[in-house]
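Notes for the structure review
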Amino acid sequence: MPRYTLTLLGLEISFKTDADNPRIEAAQAFIDNKHKELVAGAGDISKEKLLTYLLLSLADDYLVATDKLQRLEEKIGEILEKTS
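I will try to describe carefully the structure that is included in this document. (Residues numbered from 1 in each chain as written. Predicted model: local features only at pLDDT ≥ 70, side-chain atom pairs only at ≥ 80, totals over all residues. Heavy atoms only, no water.)

**Topic: the packing of helix H1 (residues 21-42) against helix H2 (residues 47-83)**
For any two helices packed against each other, one specifies the inter-axial angle together with the distance between the axes. Between H1 and H2, the least distance of the axes is 10 Å, while the angle of their chain directions is 115 degrees. Crossing of H1 against H2: the hand is right-handed. Contact residues: Phe-30, Ile-31, Lys-34, His-35, Leu-38 and Val-39 in H1; Leu-50, Tyr-53, Leu-54, Ser-57, Leu-58 and Asp-61 in H2. Split by residue class, the contact of H1 with H2 holds eight nonpolar, two polar and two charged. (Axes fitted to C-alpha atoms, helices over the stretch in contact; angles between N-to-C directions. Helix = DSSP H or I, 4+ residues; strand = E, 2+ residues; numbered from the N terminus. Left-handed = near helix turned anticlockwise from the far one by under 90°. Contact = heavy atoms within 4.5 Å. Nonpolar A, V, L, I, M, F, W, Y, C, P; charged D, E, K, R; others polar.)

And the structure:
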């Protein structure tokens, strides 16, 4: 399993994962972009609050995407029932 060392939000972290390098880079870019959005709107706040806002924002994105996926799966199920 490959080991990665990244700098995210000024913190250096090391971890192992089965994810490939492009996926890790995409995740890092996503977090960096979310961070920039929050800093632009929040101004000068503590790192703890900023990380908490970032975590809440990512959790919200996840919940919205999960809900959308569920609705799409239900719609596909309905379409498949009609065509059967």
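**With respect to the pattern of salt bridges**
Throughout the structure, instances matching the rule amount to three salt bridges. A salt bridge links Lys-34 to Glu-37, with the shortest nitrogen-to-oxygen separation between them at 3.9 Å. Taken as a pair, Lys-34 and Glu-37 lie in helix H1 at a separation of three residues, close to a single helical turn. Overall, the relative accessible area of 11% leaves Lys-34 in the buried class. Where Lys-34 meets Asp-61, a salt bridge forms, and the shortest distance between an N and an O atom there is 2.8 Å. Of this pair, Lys-34 sits in helix H1 while Asp-61 sits in helix H2; the two residues are 27 residues apart in sequence, bridging distant segments of the chain. Looking at Asp-61, the relative accessible area reads 28%, which means it is partly exposed. (Salt bridge = Lys/Arg side-chain N within 4 Å of Asp/Glu carboxyl O. Buried < 20%, exposed > 50% of the residue type's maximum accessible area, 1.4 Å probe, protein only.)

**Details of the pairing of strand E1 (residues 3-8)**
Only one face of E1 is buried, namely the one carrying Tyr-4, Leu-6 and Leu-8, since none of Arg-3, Thr-5 and Thr-7 on the opposite face is buried. Relative to strand E2 (residues 11-16), E1 runs antiparallel, the two being bridged by six bridges. Within E2, the position partnered with Arg-3 by the bridge is Lys-16. Between the end of E1 and the start of E2, which pair antiparallel, lie two residues, with Leu-9 showing a positive phi angle near 55 degrees. (Pairing = 2+ DSSP bridges.)

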